[in-house]
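What follows is the residue order along each chain.
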Amino acid sequence: MITSEDTRFMDIALAEARQAYSEGEVPIGAVIVCNGQVIAKGHNQVESLTDITAHAEMLTITSASNFLNAKILSRCTIYVTIEPCAMCATAIGNAQIGRLVYGASEEKYGYRRWAPEVLHKSCKVVQGIRADEAKQLMVSFFKERRK
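Residues numbered from 1 in each chain as written. Predicted model: local features only at pLDDT ≥ 70, side-chain atom pairs only at ≥ 80, totals over all residues. Heavy atoms only, no water.

A. Examining the overall build of the chain more closely. Scanning the chain from terminus to terminus reveals six helices and five strands. Traced from its N-terminal end to its C-terminal end, the chain shows the element sequence α-β-β-α-α-β-α-β-α-β-α. Expected size for 147 residues packed as a compact globule is a radius of gyration near 15 Å; at 14 Å, the chain falls within 12% of this value. For the chain, the C-alpha atoms occupy an extent of roughly 45 × 30 × 30 Å along the three principal directions. Sorting the 147 residues of the chain into buried and exposed places 48% on the buried side. Across the chain, contacts joining residues at least 24 apart in sequence account for 59% of those joining residues at least 6 apart. By element, 51% of the accessible surface of the chain is carried by carbon and sulfur atoms, the whole surface being about 7800 Å². Put simply, the chain has 17 plus and 16 minus side-chain charges, and the middle of one group is 3 Å from the middle of the other. (Helix = DSSP H or I, 4+ residues; strand = E, 2+ residues; numbered from the N terminus. Rg over C-alpha atoms; globule rule 2.2 N^0.38 Å. Buried < 20%, exposed > 50% of the residue type's maximum accessible area, 1.4 Å probe, protein only. Contact = heavy atoms within 4.5 Å. Areas by Shrake-Rupley, 256 points an atom, 1.4 Å probe, with all protein chains shown as cover. Lys, Arg positive; Asp, Glu negative; His and termini not counted. Charge placed at Lys NZ, Arg CZ, Asp CG, Glu CD.)

B. Representation of the UniProt feature "domain: CMP/dCMP-type deaminase" (unreviewed entry) in the chain in the model. This chain's UniProt record puts "domain: CMP/dCMP-type deaminase" (unreviewed entry) on residues 4-125. From the first C-alpha to the last, residues 4-125 spans 16 Å; its make-up is 40% helix and 23% strand. (UniProt positions renumbered as here; feature names shortened; annotations may be inferred.)

C. Examining the UniProt feature "active site" (unreviewed entry) in the chain more closely. The positions UniProt marks with the feature "active site" (unreviewed entry) are E57. Among the structural elements, E57 can be located in helix α3 (residues 56-68). We classify E57 as buried; its relative accessible area is 3%. Dropping the residues within four chain positions of it, E57 is found in contact with A30, I78, V80, I82, P84 and C88.

D. Quick look at the side chain of T81. Its place among the elements puts T81 in strand β3 (residues 76-82). Leave out the neighbours within four places in its chain, and T81 touches M10, A13, L14, A17, P27, I28, G29, G103, A104 and A134.

E. Inspection of helix α1 (residues 4-22) at higher detail. The first and last C-alpha atoms of α1 sit 27 Å apart over 19 residues, in line with the 27 Å expected at 1.5 Å per residue. For α1, the full list of buried residues reads D6, F9, M10, A13, L14, E16, A17, A20 and Y21. For α1, the angular spread of buried residues about the axis comes to 160°, placing them on one side. Within α1, the exposed residues directed more than 90 degrees away from the buried face are S4 and S22. As for α1, its buried residues are in contact with β1 (29-34), β2 (37-43), β3, β4 (99-104) and α6 (131-145). Just past α1, the residue G24 takes up positive phi, approximately 80°. (Expected span 1.5 Å × (residues − 1). Arc of directions from axis to C-beta.)

F. Inspection of the pattern of salt bridges at higher detail. Scanning the model with the defined rule gives seven salt bridges in all. Its salt-bridge partner being E133, residue R130 comes within 2.3 Å of it at the nearest N-O pair. Across the salt bridge formed by R145 and E144, the nearest N and O atoms sit 3.1 Å from each other. With relative accessibility at 39%, the residue E144 sits in the partly exposed group. Shared partners join several salt bridges into a network, and the residues in it are D11, R18, R130 and E133. (Salt bridge = Lys/Arg side-chain N within 4 Å of Asp/Glu carboxyl O.)

Laid out in structure tokens, this is it:
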């Protein structure tokens, strides 16, 4: 079920995605919430860190784990603008994040295509929140790059 809180937290993830866009990074943002409080947020930094694993989800999971001093984030929800890739979904699964909320689906690289079983069995998934806006950021970014 989608709540007004879901929309509010996805707005924060979209702001992170716009920040990534402005830095020349693939515009994906992520936010982790625990007990109604944002405990971590981030965006892709693959280019700036010269690190292929510096996806928004990976950086945000690390930040949330540090904030809580815990590797298991079962009481948390992660909001991501685009469906996570297999690497990020595996990290979400290993961290046992309780809920994944994402905007637009990613048909080519999304986890549902390549690794649909990697999330923890108790993880609830909600998709489609602000999907059009998230997708438009991606379309604009790659259209700009291909000129």
